[in-house]
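Overview (structure and organization)
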Amino acid sequence: MKKKQKPLYLNRAISMIVMVGYSAFLILMLIMDWYLIREYQYENRRVEQAAPNSYIDKTRSYMDRIDRQLYDIYANDENFQALQKKEEPVDEFGHAYELKETLNKRMLAEENMSGFFVFYDNRQKSWYYTNLAKVRAEQTAEIKEILLRHLENDGKMRSWISLTVDGDTNLATYYEKDRVAVFGIHSMKNMEQELRESMGKEISVILLDNGIALENKELSKELGLSETVQSYSDSFQMKKGKYQLYGRRIPNMDLWVCTAYPVNIWSVMTVQQLFLLILTGISVFAVGVMYRFVRREVVRPLHQLTDTMNTIRRGGSREVPRMDARFYEIQEVNDTLGEMVRELEKQKLLVYEEIIEKQKAQMQYLQLQLKPHFYLNGLKTLNALAIENQTGKMQELILNLSAHLRYLLQAERELVPLRMELEFVENYVSMQKHITGRPVNCSIVRDGEADSWLVPVLAVHTFVENSVKYARLGGSSIPLEIQVSASLLAAEEGRFLDLIIQDNGQGYPDEILEEINGDTAVGTRCVGINNIKRRCQLLYGERAEYSFANCDGALSELIIPERKQEDECFDCR
């Protein structure tokens, strides 16, 4: 006879399944997060270290090629050898001129040679030529003096030396014999820019010669690089403060090339990895909600039904008490046909409420996408003003920023009076004069009744902000002119508010016009404008209209129907 299995308790089984299943999912997500972030950091560090190393190797190669060119002059050039002896002035001038022409040709063949200097007649006379794209003309005289001092003070032949003039660093090597010396120059002027372009990220380059910073001296002092390079022979890498540091000494020189990368969240993980990590955190909260929901809506009603059936089985009661359950199967067991019909109506109401909640959640999400934009910009500007000790402008900007954030942090509002929106725009324009430093004029024309008209939050500000950010006028002294108009329109379907925002910039690019005049569901680049369109679609349906065009600048038009203030419950204070 087959042994009868012991029945399981459904509530315990459901709890066990939920916890075991979620624990396995959470562990898998955490392992995936850790692995992806670790791999990203490893690759990021490898690329950060490889870029300057590659540049240094190329610089070393350039230096060797320049050195070979000079050595060939030193060993084989007849003019160089002739200048080693005392000659008549005419002959001496001729040999020096021919040597200069030879070096000119060598410089054309060796594009990484930024210039050369020839000193003859016991350093009393000189010829020189520099590539003005790499060595500025006004720097040449000072470089010449530095080279002369080096020859007079000592200088071992063929040694490379560093020269820093007006913040630009050059490397120089030379050959000297008797009465003549020839120098070759290699410029490292654009090193930081080239590394920044190759890396595609912010980077600071610090050059140190014998522990003395040649460039970015303030940053070098902040990071203590002069002491750091004394502790290493060839290279190092470390994290100090908010920077990831890499350093390498150029072979056969006391010149260190150090790079500093700002450490922020994007140097630790990508957007996708951050999203995955946030999703993992949300899942912890979600599983608790799901567990409570299952216990409340499934396990507890089943337990009540079991108790009721046991009570009926024992004869304690012949009546099935009324039970308010969400699930159709449980309600069908407990209720009569009429109660089932009423429950179906209740389910319809719940579905409708769920749709409303989803729309509200989507609305809040779209609003939150717009809120943090100026927070970091405002802090950066305040930091700059603090450095410059401009307390008056700091106070004015703090007041502007306070009003700006106070308006943005009212997340419960979907609609605000047009008057408040326009005041917010005027405050924003005033704040922008501090941030951008260029003149911005915003003129507002509106119908008298339009002030109390309810409009979506940031409906006007979004387009004004686009004008400030993207309008190009050909020069910083040309003022940006923004015109805002709000007029009321009457039609058979009711009254509408016509909002027009226009600037005197270059207008929208064609691909942007095509996107913002199209379907909001496929818009990916113009986040602010597409958010406004989606929110209007949620608030007004098909009754809202938009139009974007170029007419002596970018022209944006938004037409929205009237919405009574009592339709929205919010505090207008």
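The following refers to the structure shown.

Reading the values: the criteria
Residues numbered from 1 in each chain as written. Predicted model: local features only at pLDDT ≥ 70, side-chain atom pairs only at ≥ 80, totals over all residues. Heavy atoms only, no water. Helix = DSSP H or I, 4+ residues; strand = E, 2+ residues; numbered from the N terminus. Buried < 20%, exposed > 50% of the residue type's maximum accessible area, 1.4 Å probe, protein only. Contact = heavy atoms within 4.5 Å. Core = buried A, V, L, I, M, F, W, Y, C linked by side-chain atoms within 4.5 Å. Pairing = 2+ DSSP bridges. Axes fitted to C-alpha atoms, helices over the stretch in contact; angles between N-to-C directions. Salt bridge = Lys/Arg side-chain N within 4 Å of Asp/Glu carboxyl O.

Each helix and strand in the chain was counted, giving 17 helices and 17 strands. Within the chain, buried positions represent 43% of all 573 residues. Long-range pairs, those at least 24 residues apart, make up 60% of the contacts in the chain between residues at least 6 apart in sequence.

Turning our eyes to something else, we now look at helix α15 (residues 461–470). In terms of burial, α15 is a largely internal element, 8 of the 10 residues being buried. Of all the residues in α15, the buried ones are His461, Thr462, Phe463, Val464, Glu465, Asn466, Ser467 and Val468.

Tracing the chain through its elements places alanine 260 in strand β10 (residues 255–262). Along the primary structure alanine 260 and isoleucine 206 are separated by 54 residues, whereas in three dimensions their C-alpha atoms are 7.9 Å apart. Ignoring anything within four residues of it in the chain, the contact list for alanine 260 reads Ile203, Ser204, Ile206, Leu219, Leu223, Tyr243, Gln244 and Leu245.

Here the focus is the nonpolar core. In terms of nonpolar packing, the biggest core is built from 53 residues, with Leu418, Val460, Val464, Leu497, Tyr508 and Ile560 touching the most fellow members. If you tally residues by element for this core, the top one is helix α14 (residues 418–436), at 8 residues. Counting residues in each nonpolar core, the second largest holds 37 residues, with Ile73, Leu171, Val180 and Tyr261 among its members.

Overall, antiparallel pairing links the 5 strands, which are arranged β2-β1-β5-β4-β3 in an open sheet. The open sheet has two edge strands, β2 (125–130) and β3 (161–165), and neither has a second partner. Between one strand axis and the next, the sheet turns through 20° on average, direction left out of account. As defined by bridge partners, β3 adjoins strand β4 (residues 168–177) across 5 bridges and the pair is classed as antiparallel. When the sheet's bridge partners are listed, serine 162 is paired in β4 with leucine 171. Along the sheet face, helix α3 (residues 89–109) touches β1 (115–120), β2 and β5 (180–187) and points at about 160° away from the line of β1. Sitting on the sheet, helix α4 (residues 137–153) touches β1, β2, β3, β4 and β5, and the angle it makes with β3 is about 145°.

This part covers the pattern of salt bridges. In the structure shown here, the tally under the stated rule is 19 salt bridges. Where glutamate 92 meets lysine 125, a salt bridge forms, and the shortest distance between an N and an O atom there is 3.1 Å. Within this pair, whereas glutamate 92 is found in helix α3, its partner lysine 125 is found in strand β2, the two being separated by 33 residues in sequence. Glutamate 92 gets classed as buried once you look at its relative accessible area, which sits at 2%. With a closest N to O distance of 2.9 Å, arginine 249 and aspartate 234 form a salt bridge. With arginine 249 in strand β9 (residues 243–249) and aspartate 234 in the loop between α7 (225–230) and β8 (235–240), the pair connects residues that are 15 residues apart, well separated along the chain. Here the salt bridges share partners, and the residues they tie into one network are Glu92, Asp121, Lys125 and Arg179.

Nothing here speaks to function; it is all geometry.
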